[in-house]
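Secondary and tertiary structure notes
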Amino acid sequence: MFKISITSVPSRVDESDLDRSIAYFLSDIGYIPRISPSTDMNSIKASVYFRLFKECFLIHSERYWTPEELMAYLNTSRSTLYRHLNKLKYLDILEEIKDGKVKKYRLRSGDLLKAWSWVEINIKMAIENYRNNVEHINSLIRNGKA
């Protein structure tokens, strides 16, 4: 399953603060709750979801992490960790490998840009499927199947 929130938002390339840029990005794609200029960035930066994405998957993008390593690093529960891992998996920017019986995670290809290219491919396919469905509905209406 692929799931992303697509919202028309302004480009944020003028933002010079890395943490704020990451937070806006994660908010814009629906991974974290909506944020605004007045949002307390300290609470976001301290959150499990933000630290998982930035500290584990961006800063250490080539490293594969086991769930146990992530739980220890983030000082969080298994259920909280998997809730956030699953959101990132739905975005299709994480890769999951099995090392024996142990699952390990990292950004796809160990790189945010390469991982994001998978998201773009999924978006394109989803939009094409929507278009096909709209054309089909339109054809049924035109052929008197209403």
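A few points on the structure. Just so it is clear, the model here is predicted, and its values are computed rather than measured.

**Points about the overall build of the protein chain**
Within the protein chain, the secondary structure is distributed over six helices and two strands. Along the protein chain, helices and strands appear, N-terminal first, in the series α-α-α-α-α-β-β-α. In terms of principal-axis extent, the alpha carbons of the protein chain reach across some 60 × 45 × 25 Å. The buried share among the 146 residues of the protein chain stands at 34%. For the protein chain, restricting intrachain contacts to residue pairs at least 6 apart in sequence, the fraction spanning at least 24 positions comes to 48%. Accessible area for the protein chain stands at about 9300 Å²; split by element, carbon and sulfur atoms hold 52% of it. The distance from the centre of the 23 positive side-chain charges to the centre of the 18 negative ones in the protein chain is 7 Å.

**Concerning the nonpolar core**
Among the nonpolar cores identified, the biggest contains 31 residues, and Tyr-31, Leu-52, Phe-57 and Leu-88 are the most heavily contacted of them. For this core, the secondary structure elements donating two or more residues are α1 (18-28), α2 (41-46), α3 (48-58), α4 (67-74), α5 (78-91), β2 (102-107) and α6 (112-142). A total of seven residues in this core trace back to one element, the largest contributor, which is α3. Here Phe-57 is in contact with Leu-52, Trp-65, Leu-70, Leu-85, Leu-88, Leu-94, Tyr-105, Arg-106 and Leu-107, once residues within four sequence places are set aside.

**With respect to α4**
Three or more residues of α4 are buried, namely Pro-67, Leu-70, Met-71 and Leu-74. What you see down the axis of α4 is that its buried residues fit within an arc of 100°, all on one side. Summarising the contacts, the buried residues of α4 are in contact with α3, α5 and β2. Phi turns positive, to about 50°, at Asn-75, one or two residues after α4.

**A closer look at the pairing of strand β1 (residues 94-99)**
Pairing between β1 and β2: six bridges, direction antiparallel. Its bridge partner lying in β2, Glu-95 is registered against Arg-106. The hairpin turn running from β1 into β2, its antiparallel successor, is two residues long, and Gly-100 in that turn takes a positive phi close to 75°.

**A word on the pattern of salt bridges**
For the structure on display, the rule yields 13 salt bridges. A salt bridge links Glu-96 to Lys-89; the shortest N-O distance between them is 3.0 Å. We classify Glu-96 as partly exposed; its relative accessible area is 35%. For Lys-89, a relative accessible area of 29% corresponds to the partly exposed category. Through salt bridges with shared partners, a single network forms among Arg-12, Asp-28 and Arg-34.

**A look at the side chain of Asp-19**
When you line up the elements, Asp-19 lands in helix α1. Filtering out sequence-adjacent residues up to four positions away, Asp-19 remains in contact with Met-41, Lys-45, Phe-50 and Lys-54.

**A look at the packing of aromatic side chains**
Scanning the model with the defined rule gives five aromatic pairs in all. Look at Tyr-31 and Tyr-49: their rings are 6.4 Å apart centre to centre, the planes differ by 85°, and that puts the pair in the edge-to-face class. Of the two residues, Tyr-31 sits in the loop between α1 and α2 while Tyr-49 sits in helix α3, which places them 18 residues apart along the sequence. Exposure remark for Tyr-49: the relative accessible area of 18% places this residue in the buried category. Plain terms: the ring middles of Tyr-31 and Phe-53 are 6.4 Å apart, the flat faces sit at 45° to each other, and that makes the pair tilted. With Tyr-31 in the loop between α1 and α2 and Phe-53 in helix α3, this residue pair connects regions lying 22 residues apart in the sequence. Note on accessibility: Tyr-31 and Phe-53 belong to one class, buried. Members of the aromatic cluster, connected to one another through ring pairs, are Phe-25, Tyr-31, Tyr-49, Phe-53 and Trp-116. The residue whose ring lies beneath Arg-108 is Trp-118, and the NZ or CZ to ring-centre distance is 4.4 Å.

The rules behind these values
Residues numbered from 1 in each chain as written. Predicted model: local features only at pLDDT ≥ 70, side-chain atom pairs only at ≥ 80, totals over all residues. Heavy atoms only, no water. Helix = DSSP H or I, 4+ residues; strand = E, 2+ residues; numbered from the N terminus. Buried < 20%, exposed > 50% of the residue type's maximum accessible area, 1.4 Å probe, protein only. Contact = heavy atoms within 4.5 Å. Areas by Shrake-Rupley, 256 points an atom, 1.4 Å probe, with all protein chains shown as cover. Lys, Arg positive; Asp, Glu negative; His and termini not counted. Charge placed at Lys NZ, Arg CZ, Asp CG, Glu CD. Core = buried A, V, L, I, M, F, W, Y, C linked by side-chain atoms within 4.5 Å. Arc of directions from axis to C-beta. Pairing = 2+ DSSP bridges. Salt bridge = Lys/Arg side-chain N within 4 Å of Asp/Glu carboxyl O. Phe/Tyr/Trp six-rings, centres within 6.5 Å; stacked < 30°, edge-to-face > 60°. Lys NZ or Arg CZ within 6 Å of the ring centre and 35° of its normal.

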